[in-house]
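Listed here are the chains, written in short residue letters.
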Amino acid sequence: MNDDRPFDEWDRPTHGWMLPGTVREGHDRTLLLEVATRTLFPTMLVFSLYLLLVGHYSPGGGFSGGLVAGLAFVLRYTAGGSVGLGAVFAVRPPAIIGTGLAISVCTALVPLVLGVQVLTSAKLQVELPLIGVVSTQTSLLLDVGVYVLIVGVVLDLLRSLGSGIDRDMHDAGEVVG
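Residues numbered from 1 in each chain as written. Predicted model: local features only at pLDDT ≥ 70, side-chain atom pairs only at ≥ 80, totals over all residues. Heavy atoms only, no water.

Undergrad: Give a detailed account of the overall build of the protein chain, specifying residues and quantitative values.
TA: Helix and strand counts for the protein chain come out as four helices and two strands. Starting at the N terminus and walking to the C terminus, you meet the elements of the protein chain as α-α-α-β-β-α. Considering only contacts in the protein chain between residues 6 or more positions apart, those separated by 24 or more positions represent 58%. Carbon and sulfur atoms provide 68% of the accessible area of the protein chain, an area that totals close to 11000 Å². (Helix = DSSP H or I, 4+ residues; strand = E, 2+ residues; numbered from the N terminus. Contact = heavy atoms within 4.5 Å. Areas by Shrake-Rupley, 256 points an atom, 1.4 Å probe, with all protein chains shown as cover.)

Take a look at the structure:
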């Protein structure tokens, strides 16, 4: 097979690799980064959920898990630009930040309603079919709120900083995806 394309163009993607949604133009993309992103993005999200769930008993928690999830979105932004990130999250980042903050504040204040101190934690046990008894702490809800808050902050930073990068690329005459 004779491929006469220049070396810097031979691996340029010609189809939409990023799922779902639209992608950047072909000259702003690299096949290696997109394949790595497709492999690492879901893996990083699952690992962030693992960190979130084991945070009470092991190193991790909502902040660590949220940062790992945020890094997954940074990788996705690097590979697909604002177009790829918009395909993943249709909700505006300030709404995500507000949701995470509301979950955290409500979780912290619910013990007051029950007549105990703020941020008091309790152990919950639930018996699930096929799994058995699952126990957790109510502080997991606070970690979930922090997780959502951190993901929202990272997405908002990407949106804010990314729009500046897109504007600079547009001003320089480069094609923005």
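Past the structure itself, the notes keep going.
Undergrad: Explain the pairing of strand β1 (residues 123–128) residue by residue, including any values.
TA: With zero of its six residues buried, β1 lies for the most part at the surface. When β1 meets strand β2 (residues 132–137), the two strands line up antiparallel, connected through six bridges. In the sheet register, Val126 faces β2, and the bridge partner there is Val134. The turn joining β1 and β2, which pair antiparallel and follow one another in sequence, is formed by three residues; a positive phi near 70 degrees is taken by Leu130. (Buried < 20%, exposed > 50% of the residue type's maximum accessible area, 1.4 Å probe, protein only. Pairing = 2+ DSSP bridges.)

Undergrad: Can you explain the packing of aromatic side chains? Please cite residues and give values.
TA: All told, the structure shown has two aromatic pairs when counted by the stated rule. Considering the side-chain rings of Phe41 and Phe73, the 5.4 Å spacing of their centres and the 75 degrees angle between planes classify their relative orientation as edge-to-face. Here Phe41 is found in helix α1 (residues 31–54), whereas its partner Phe73 is found in helix α2 (residues 62–88), with 32 residues between them in sequence. Each member of the pair Phe41 and Phe73 is classed as buried. Note on Phe47 and Tyr50: the rings are 6.2 Å apart at their centroids and 25 degrees apart in plane angle, and the pair reads as stacked. Here Phe47 pairs with Tyr50, and both are found in helix α1, just three residues apart, close to one helical turn. (Phe/Tyr/Trp six-rings, centres within 6.5 Å; stacked < 30°, edge-to-face > 60°.)

Undergrad: Got a sec to walk through the pattern of salt bridges? Specific residues and values, please.
TA: Counted according to the given criterion, the structure contains one salt bridge. With its nearest N and O atoms 2.5 Å apart, the salt bridge here joins Arg159 to Asp156. With Arg159 and Asp156 both in helix α4 (residues 139–171) and three residues apart, the pair spans about one turn of that helix. Judged by relative accessible area, which is 37%, Arg159 ranks as partly exposed. (Salt bridge = Lys/Arg side-chain N within 4 Å of Asp/Glu carboxyl O.)

Take it as geometry only, folks, not as evidence of what the structure does.
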